[in-house]
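Residue strings, one per chain:
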Amino acid sequence: MTSGASRPSWEEYFMDISILVAKRSTCLRRAVGAVIVKDKRILSTGYNGAPSGIRHCGEVGCLRETLNVASGERHELCRGIHAEQNAIIQAAYHGVSIAGASLYCTNLPCSICTKMIINAGIKTIYYQAGYADQLSQDLLKETPIEVVHLASLSSNQAD
């Protein structure tokens with residue numbers, strides 16, 4: 001039994017899930033979602049926001065806004081943790097190996113996340129929107145990681 005709508009590809013399916021995950025973000029500037037997948041199975045998800053038990057930026061304000069820090073710069077000046085970092089941490093916390101997996105993310109990872117992705121053994125990054133961090137792109141060019149831009153999907157892009 002099939003409906004009139006076409007089925008999404010696996011790439012669209014997992015990217016759509018990363019867009020849904022981004023809706024849990026507590027960041028005031030950008031909602032980002034990440035999904036780590038291996039053999040068409042979701043291993044872990046993550047969204048950007050303050051660490052567990054820490055007040056969210058909506059409660060205390062955005063330090064980056066206060067200091068007028070540009071996107072893609074001074075990542076350490078933030079209460080939040082990135083979606084990719086949260087997905088990697090959740091996998092580690094639950095004892096799930098992500099070596100050889102793919103990462104679906106609403107944005108191209110920053111340089112800090114890229115370094116974690118490289119060392120975690122992720123083989124492919126699918127992303128929807130770019131990110132203003134040239135070092136990330138430079139690092140990825142030195143790796144065998146496949147980077148795939150999935151810009152035109154059925155869902156709306158996370159801001």
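Coordinates for the structure precede this section.
What this report covers is the structure whose coordinates are included nearby. Quick caveat, the model's predicted, so the values are computed rather than measured.

What about the pairing of strand 5 (residues 146-149)?
In the sheet, strand 4 (residues 124-129) pairs with strand 5 via four bridges, with the strands oriented parallel. In the strand pairing of strand 5, Thr 124 is matched with Glu 146. Crossover connection from strand 4 via helix 6 (residues 134-141) to parallel strand 5: handedness right-handed.

Some details on the packing of helix 4 (residues 83-93) against helix 5 (residues 111-120)
Direction vectors running N to C along helix 4 and helix 5 enclose 30 degrees, while the axes themselves pass 9 Å from each other. Between helix 4 and helix 5, the angle is such that the two are roughly parallel. Viewed along their axes, helix 4 and helix 5 form a crossing whose handedness is left-handed. Across from Glu 84, Gln 85 and Ile 88 in helix 4, the residues of helix 5 making contact are Ile 112, Cys 113, Met 116 and Ile 117. Residues of the contact of helix 4 with helix 5, tallied by class, amount to five nonpolar, one polar and one charged.

Focus on the side chain of His 75
Mapping His 75 onto the fold places it in the loop between helix 3 (63-66) and helix 4. In terms of polar contacts, His 75 uses its side chain to reach the side chain of Asp 133, at 3.1 Å. When sequence neighbours within four positions are dropped, the list of residues in contact with His 75 reads Arg 64, His 82, Cys 110, Ser 111, Ile 112, Tyr 131 and Asp 133.

Remarks on the pairing of strand 3 (residues 102-107)
Most of strand 3 sits out of view: six of its six residues are buried. The pairing of strand 1 (residues 33-38) with strand 3 spans four bridges and is antiparallel. Across the sheet, residue Ala 34 finds its bridge partner in strand 3, namely Cys 105. Pairing of strand 3 with strand 4 involves five bridges; the strand directions are parallel.

Quick word on helix 5
Of the residues making up helix 5, those classed as buried are Ser 111, Cys 113, Thr 114 and Ile 117. Seen along its axis, helix 5 keeps its buried residues to an arc of 155 degrees; they face one direction. Against the buried residues of helix 5 lie helix 4, strand 3, strand 4 and helix 6. Where helix 5 ends, the next residue or the one after it, Gly 121, has phi of about 85 degrees, a positive value.

A word on the packing of helix 5 against helix 6
Running from amino to carboxyl end, helix 5 crosses helix 6 at an angle of 25 degrees, the nearest separation of the two axes being 8 Å. Classified by the interaxial angle, the pair formed by helix 5 and helix 6 is roughly parallel. On helix 6, the residues that touch Ser 111, Thr 114, Lys 115 and Ile 118 of helix 5 are Leu 135, Ser 136, Leu 139 and Leu 140. Split by residue class, the contact of helix 5 with helix 6 holds four nonpolar, three polar and one charged.

Observations regarding the packing of aromatic side chains
Aromatic rings in a pair are described by how distant their centres are and how their planes are angled relative to each other. Tallying each qualifying case throughout the model produces five aromatic pairs. Note on Trp 10 and Phe 14: the rings are 5.7 Å apart at their centroids and 20 degrees apart in plane angle, and the pair reads as stacked. Separated by four residues within a single helix, Trp 10 and Phe 14 lie in helix 1 (residues 10-22), roughly one turn from each other. Taken together, a centroid distance of 5.3 Å and an interplanar angle of 45 degrees make the contact between Phe 14 and Tyr 104 tilted. Taken together, the positions of Phe 14 in helix 1 and Tyr 104 in strand 3 put the pair 90 residues apart, joining distant regions of the chain.

The rules behind these values
- Residues numbered from 1 in each chain as written.
- Predicted model: local features only at pLDDT ≥ 70, side-chain atom pairs only at ≥ 80, totals over all residues.
- Heavy atoms only, no water.
- Pairing = 2+ DSSP bridges.
- Helix = DSSP H or I, 4+ residues; strand = E, 2+ residues; numbered from the N terminus.
- Right-handed = clockwise from strand over helix to strand, strands pointing away.
- Axes fitted to C-alpha atoms, helices over the stretch in contact; angles between N-to-C directions.
- Parallel < 35°, antiparallel > 145°, perpendicular 65-115°, else oblique.
- Left-handed = near helix turned anticlockwise from the far one by under 90°.
- Contact = heavy atoms within 4.5 Å.
- Nonpolar A, V, L, I, M, F, W, Y, C, P; charged D, E, K, R; others polar.
- Polar contact = N/O pair within 3.5 Å; in protein donor to acceptor, adjacent residues only side chain to side chain.
- Buried < 20%, exposed > 50% of the residue type's maximum accessible area, 1.4 Å probe, protein only.
- Arc of directions from axis to C-beta.
- Phe/Tyr/Trp six-rings, centres within 6.5 Å; stacked < 30°, edge-to-face > 60°.

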